[in-house]
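# Tertiary structure, described
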Amino acid sequence: MHETLLARLRSACPPLSGDLQAEWSRCGAAFAAASGRLEAAWTRAAGALSGCIVPSPGGAPVLQEGGGYAGAWLESTGTVSAETLGRFLPSVAAATFSLFADGMREDGLMPYKVTASGPSYRQIQMVTPLARSVWNHYRLNGRDRDWLRRMYRAMARFDGWLAAHRNTRGTGCVEAFCAFDTGHDLSPRFWHVPDTPHRGDAAACWPDSPILPFLAPDLTANVYCQRKYLADIAEELGEPGGGWRQKASQSLDSLFQYCYDEFDDFFYDLDRGGRFVRVQSDVLLRVLACEVGDGELFDAALRRYLLNTGKFFAKYPFTSLAMDDPRFDPFSHYNSWAGPTNFLSLLRAPCAFEHHGRHAELTWVMQPIVSALSRTDRFPQCISPWTGEPGYADGYSPAMLCLLDFVERLCGIMPTADGELWFTGLLPYAMDHGEAPADGTAYGRTVDGVRYELVNLPEGSAVYRGGEPHFRFPAGLRLIADRRGVLRSVVGMSARTVTGTIVYAGAEYPVSASGNEVWTFTGSGFVRSAAGGVVAPTYR
């Protein structure tokens, strides 16, 4: 099977055609699978992206949200989606980011969406921090300083607009004036709150509301994280970053002072009467994905909420509302954040898990989602948390990108902004009806002109560099190398302890790694650099 998979991978055609084919060919992403449906699903996802890429007003191809959403949204298309796309089509990603800087209003308000009709400013609609996505794209894709400077100027001005117009209560938190400020359509979090700001003005809150404005934890966490990365960007551009770090610290202090409930270990909105809006929603994952809190807080969130089958860890996680909330609505056939599993939550999840080294736990999320996507020919906005069946919309780019992203993290080759290549030796498991999405996989990528290939089988994994054997390692591990293929470290990716031998540079090295355990390669062997251990799912 090994040689067959490798031969099929090497004969694979680029999944895109036309003008996009050449750029995709430069990254060289290719995938083959033995049996199962995953290869066909991956090919559909990559190919379907072309239907979500259109010319911008300036003529450059840009990403669209898709799924009936005509345009690019700041909360998704212009942040986490563009950042993911940057691993495959970096010029399209850069042009998508630029839409929001180029569309900035004179007073510093960044558009919440950009369509063929131009930029729109009705609400703020922020989730993933733009500055982090921009910074990661810059470091991964050529370090274009002129582009970075242009984005930095726009993001700095937008930060000023938010401070001037979304801190009316003087707390240092960022305030939500409406449901659409966070993209939380139909969420019980915003029952009895208007969908849009007062009279369509992003700077105005409905004055007759008994509960608005909310001090919003996800918006505040966004600005905290944004300011952290603006500091890094400023210093990269030769400007001081200390002021941004001070502002970030102030945002974090405000977040915990006003929006964190120590008894629940949860982040809630605080209404104008000083009362928590006790609706447990995916706000928690959003805040954690903004790098809020330490490992202890994150592990507590896993135990009590994210990996709790009575809260958010449904058969197909993550639900958008806690399942034990009587307002929970699992129906996925309409645009809803009141219960169903949304692909935007899934695309954002790695930012939280990997920041805290919870790589093995993330695979428990990815496995059922990959299984669900492998048995449908649609790319919806959401799926049923009970059955995994596709729900609202089709042709939704975050669903396509989620599959491409999860395959790379689970059984592929993933380049990172830190100059690393991740070779992950796992296989998609038979989660549904005993049918495995793939019994073996092969993944290829071209990095700095050098071809890398990874073959995963139940008995182990092998990496080729320039067509020659480079690594051989036991299944259940992730090998981390630099972009030249020099081994840096090994991560345990399974709940079990993986023991075996790594073959590299003509030598054999014994290894034994438990879940999340990290062993750093010294040149003559391995030394442990992070302790192992997993946080097991809970049931109430």
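Residues numbered from 1 in each chain as written. Predicted model: local features only at pLDDT ≥ 70, side-chain atom pairs only at ≥ 80, totals over all residues. Heavy atoms only, no water.

## Concerning the overall build of the protein chain
Counting its secondary structure elements, the protein chain contains 14 helices and 26 strands. Here the C-alpha atoms of the protein chain give a radius of gyration of 22 Å, agreeing with the 24 Å that 2.2 N^0.38 yields for 540 residues. C-alpha extents for the protein chain along the principal axes are approximately 70 × 50 × 45 Å. Of the contacts formed within the protein chain by residues at least 6 apart in sequence, a portion of 62% connects residues at least 24 apart. (Helix = DSSP H or I, 4+ residues; strand = E, 2+ residues; numbered from the N terminus. Rg over C-alpha atoms; globule rule 2.2 N^0.38 Å. Contact = heavy atoms within 4.5 Å.)

## Observations regarding the sheet that holds strand 4 (residues 72–73)
With antiparallel pairing, 3 strands are arranged side by side in an open sheet as 4-5-6. Only two strands of the sheet have a single neighbouring strand rather than two, namely strand 4 and strand 6 (118–120). By the bridge criterion, 2 bridges tie strand 4 to strand 5 (residues 113–115) in an arrangement that is antiparallel. Within strand 5, the position partnered with Trp73 by the bridge is Lys113. (Pairing = 2+ DSSP bridges.)

## Brief notes about the packing of helix 13 (residues 359–374) against helix 14 (residues 397–411)
Packed helices, taken two at a time, are described by the angle their axes make and the gap between the axes. For the pair helix 13 and helix 14, the least separation of the axes is 10 Å and the interaxial angle reads 125°. One way to sum up the angle between helix 13 and helix 14 is to call them oblique. For the crossing formed where helix 13 meets helix 14, the hand is left-handed. Counting all contacts with helix 13, which are made through Leu362, Thr363, Met366, Gln367, Ile369, Val370 and Leu373, the residues of helix 14 involved are Ala399, Cys402, Leu403, Phe406, Arg409 and Leu410. Across the contact of helix 13 with helix 14, the residue classes break down as 10 nonpolar, 2 polar and 1 charged. (Axes fitted to C-alpha atoms, helices over the stretch in contact; angles between N-to-C directions. Parallel < 35°, antiparallel > 145°, perpendicular 65-115°, else oblique. Left-handed = near helix turned anticlockwise from the far one by under 90°. Nonpolar A, V, L, I, M, F, W, Y, C, P; charged D, E, K, R; others polar.)

## Remarks on the packing of helix 3 (residues 38–48) against helix 13
Following both chains from N to C, one finds helix 3 and helix 13 inclined at 80°, their axes separated by 8 Å at the closest point. The angle between helix 3 and helix 13 places the two elements in the roughly perpendicular class. Taken together, the residues of helix 13 that come into contact with helix 3 (itself represented by Leu38, Ala41 and Arg44) are Val370, Leu373 and Ser374. Taken together, the residues that form the contact of helix 3 with helix 13 break down as 4 nonpolar, 1 polar and 1 charged.

## Digging into unusual backbone geometry
Glycine aside, residues mostly have negative phi, and peptide bonds are mostly found in the trans state. The linkage connecting Leu212 with the following residue, Pro213, adopts the cis geometry, with an omega of 0°. Along the polypeptide, Pro213 turns up in the loop between strand 7 (175–176) and strand 8 (214–215). Residue Phe318 is reached from Pro317 by a cis peptide bond, and omega for that bond is -5°. Here Phe318 is to be found in the loop between helix 11 (295–306) and strand 13 (341–342). Even without being glycine, Glu291 reaches a positive phi, approximately 65°. Structurally, the position occupied by Glu291 is in the loop between helix 10 (283–289) and helix 11.

## With respect to the pattern of salt bridges
Under the definition given, this model contains 39 salt bridges. Note that Glu236 is salt-bridged to Arg145, the shortest N-O span being 3.6 Å. With Glu236 in helix 8 (residues 217–236) and Arg145 in helix 7 (residues 145–165), this residue pair connects regions lying 91 residues apart in the sequence. For Lys228, the salt bridge identified is with Glu291, shortest N-O distance 2.9 Å. Taken together, the positions of Lys228 in helix 8 and Glu291 in the loop between helix 10 and helix 11 put the pair 63 residues apart, joining distant regions of the chain. (Salt bridge = Lys/Arg side-chain N within 4 Å of Asp/Glu carboxyl O.)

## Description of empty space enclosed by the protein
In total, this model carries 4 cavities of 30 Å³ or more according to the counting rule given. Taken as a whole, the largest cavity holds about 110 Å³ of empty space. The wall of the largest cavity is formed by 15 residues, among which Met126, Leu130, Phe158, Asn222 and Gln226 lie closest to the centre. Top contributing element to the lining of the largest cavity by residue count: helix 7, with 4 residues. Split into classes, the residues belonging to the lining of the largest cavity amount to 10 nonpolar, 4 polar and 1 charged. (1 Å grid on protein atoms, 1.4 Å probe; cavity = no way out; pocket = protein on both sides within 12 Å on 5 of 7 lines; lining within 4 Å. Points joined across faces, edges and corners; volume = space filled by probe spheres on them.)

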